[in-house]
Amino acid sequence: MKIIYHCYGGTHSSVTAAAAHLGMLPLHRAPSAGELLAIPYFDKRDNADHGVITLMGVDECGNEICFVGQRGASRMLENLVHGLARHFDIPSGEYKLVNVLNKVNTSMRIGGTMSRRFKWINAGRPLVAWGTVRAYDKIIKLVRLVRARECR
């Protein structure tokens, strides 16, 4: 199965969820900002990367764990993926979309905008990392739920 963590607005939370799902981040405590910044793709994607589904790795149950940011298209990705799956007769049991949007906080939004859109990386990256550490508990609850359902 493909599990795609996605978020309207940016990729920080979806990259974080995918990394936690794969064990790249701790599941029982919040990571440090340094641990977050060491994750592949964390605060490194450009606007051109929005809408690009990226494979982060394969979990211990054989699920392909992906992430995608979808700036400015809150439901478009879901509608597109479900529509293509129907068109190509891909059973809904072969993929799962996991929306991480409601785990994003203001610091993550502001820091991500500063870092990625305005290229103020020295100011934005620490703010998005700080916000992600603060939101981590919510992100992990979602990841645990997905892992419990999809890793049987």
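Residue numbers run consecutively from 1 along every chain, following the written order of its sequence. Where totals are concerned, whole chains, interfaces and linings use all residues; where local detail is concerned, this predicted model gives features only for residues with pLDDT of at least 70, and gives and counts side-chain atom pairs only at 80 or more. Each side-chain value is worked out from all heavy atoms of the structure, with water and hydrogens disregarded.

Participant: Looking at this model, I keep getting lost on the side chain of Glu78. Mind explaining?
Facilitator: Runs of H or I in DSSP of at least four residues are treated as helices and runs of E of at least two as strands, each being numbered from the N terminus. Structurally, Glu78 can be placed in helix H3 (residues 76-87). A distance of 3.3 Å separates polar atoms of two side chains, one belonging to Glu78 and the other to His6. With near-sequence residues (within four places) excluded, Glu78 lies in contact with His6, Leu97 and Asn99. Between N or O atoms, a polar contact is any pair within 3.5 Å; within protein, one atom must be a potential hydrogen donor and the other a potential acceptor, and residues adjacent in sequence are included only when both atoms are from side chains. The criterion used for residue contact is that any of the two residues' heavy atoms lie within 4.5 Å.

Participant: Help me out: how do you make sense of the pairing of strand S3 (residues 64-69) in this one?
Facilitator: Where a strand is regular, its side chains alternate between the two sheet faces. Accessibility here uses a 1.4 Å probe with only protein chains present; expressed as a share of the type maximum, an area under 20% marks a residue as buried, one over 50% as exposed, and anything in between as partly exposed. Along S3, 5 of the 6 residues are buried, which leaves the element largely enclosed by surrounding structure. The sheet contact formed by strand S1 (residues 2-7) and S3 spans 6 bridges and is parallel. Counterpart to Cys7 in the pairing with S3 is Gly69. Relative to S3, strand S2 (residues 54-58) is paired through 4 bridges, and the arrangement is antiparallel. Across the sheet, Leu55 pairs through a bridge with Cys66, a residue of S3. A pair of strands is considered paired only if DSSP assigns at least 2 bridges between the two.

Participant: Teacher, can you tell me more about the packing of aromatic side chains here?
Facilitator: Here the distance between the centres and the angle between the planes together describe a pair of aromatic rings. Aromatic pairing here means that ring centres of Phe, Tyr or Trp (its six-membered ring) are within 6.5 Å. Orientation follows from the plane angle: under 30 degrees is stacked, over 60 is edge-to-face, and everything else is tilted. All chains considered together, the criterion is met by 2 aromatic pairs. Their ring planes at 55 degrees and their centres at 5.2 Å tell us that Tyr41 and Phe67 sit as a pair that is tilted. Highlighted residues: Tyr41 in the loop between helix H2 (33-37) and S2 and Phe67 in strand S3, separated in sequence by 26 residues. Its relative accessible area of 30% is what places Tyr41 among the partly exposed residues.

Participant: Any chance you could explain the pattern of salt bridges here in plain terms?
Facilitator: When the charged atoms of two side chains lie near each other, side chains of opposite charge can form a pair. A carboxyl oxygen of Asp or Glu within 4 Å of a side-chain nitrogen of Lys or Arg is what we treat as a salt bridge. Tallying each qualifying case throughout the model produces 6 salt bridges. Residue Lys141 pairs with Asp137 through a salt bridge whose shortest N-O separation is 3.6 Å. Here Asp137 and Lys141 lie together in helix H5 (residues 121-150), a separation of 4 residues that amounts to about one turn. What makes Asp137 partly exposed here is its relative accessible area of 48%. Residues joined by salt bridges that share partners form a network here, namely Asp43, Arg116 and Arg125.

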